[in-house]
Amino acid sequence: MPKPVAVIGIEPCELRWLRMLLVLLRHPDSSVAELARQALLYLTEDARRRAVPHAQPIDHAG
C-alpha cells in the first residue's frame, strides 16, 4: 500500500474522502464522473456563498 503524502490543509482523517472522490472522478462510466464533478461545483459554490457575508447597508439615521 502506498504511503500517504502530506498535503497542506488536508487532515489525515480526510484522506479517505479524497480517495473516494478520485475514484468517482476517474470512474469508467463518464456519467458517474460528470455527476461527481457537478457535485463538486455545487459544493464549491455553496461554500463560497456561506464564507462571504452579504454586505448590509448601515443606517446612520435611525
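Procedures and definitions
Residues numbered from 1 in each chain as written. Predicted model: local features only at pLDDT ≥ 70, side-chain atom pairs only at ≥ 80, totals over all residues. Heavy atoms only, no water. Helix = DSSP H or I, 4+ residues; strand = E, 2+ residues; numbered from the N terminus. Buried < 20%, exposed > 50% of the residue type's maximum accessible area, 1.4 Å probe, protein only. Areas by Shrake-Rupley, 256 points an atom, 1.4 Å probe, with all protein chains shown as cover. Expected span 1.5 Å × (residues − 1). Arc of directions from axis to C-beta. Contact = heavy atoms within 4.5 Å. Patch = residues over 30% accessible without salt bridge, like charges linked within 9 Å, V, L, I, M, F, W, Y side chains within 5 Å. Salt bridge = Lys/Arg side-chain N within 4 Å of Asp/Glu carboxyl O.

Peer 1: I keep staring at the overall build of the protein chain and nothing clicks. Help me out?
Peer 2: Helix and strand counts for the protein chain come out as 2 helices and 0 strands. By residue count, 6% of the 62 residues in the protein chain fall in the buried class. Summed over all atoms, the accessible surface of the protein chain reaches about 6,100 Å², with 66% contributed by carbon and sulfur.

Peer 1: Looking at this model, I keep getting lost on helix α2 (residues 30-51). Mind explaining?
Peer 2: Quick reminder: α-helices carry 3.6 residues per turn. Residues three or four places apart thus point the same way. With 22 residues, α2 ought to run about 32 Å at 1.5 Å a step, and its terminal C-alpha atoms sit 31 Å apart, in line with that. Every buried residue of α2 is accounted for by A33, A36 and D46. Within α2, the buried residues cover an arc of 150° as seen down the axis, which keeps them to one side. Across α2 from its buried face, at more than 90 degrees, point the exposed residues S30, L35 and Y42. On its buried face, α2 sits against α1 (15-25).

Peer 1: Honestly, a nonpolar patch on the surface in this entry has me stumped. Any pointers?
Peer 2: Together, W17, M20 and L24 make up a nonpolar patch on the protein surface, roughly 300 Å² of accessible area in all. With respect to the secondary-structure elements, M20 resides in helix α1.

Peer 1: Can you walk me through the pattern of salt bridges in this structure?
Peer 2: Pairing is possible between side chains that carry opposite charge, provided their charged atoms lie close to one another. For the structure on display, the rule yields 5 salt bridges. Here R49 ties to E45 by a salt bridge, and the two come within 3.7 Å at their closest N and O atoms. With a gap of 4 residues between them, R49 and E45 both fall in helix α2, about one helical turn apart. The partly exposed category is assigned to R49, whose relative accessible area is 41%. We classify E45 as partly exposed; its relative accessible area is 33%. R49 is the salt-bridge partner of D46, the closest N and O atoms lying 3.7 Å from each other. Here D46 and its partner R49 are both found in helix α2, 3 residues apart, which amounts to about one turn of the helix. Look at D46 and you get buried, because its relative accessible area is 17%. Connected through salt bridges with shared partners, the residues E45, D46, R48, R49 and R50 form a single ionic network.

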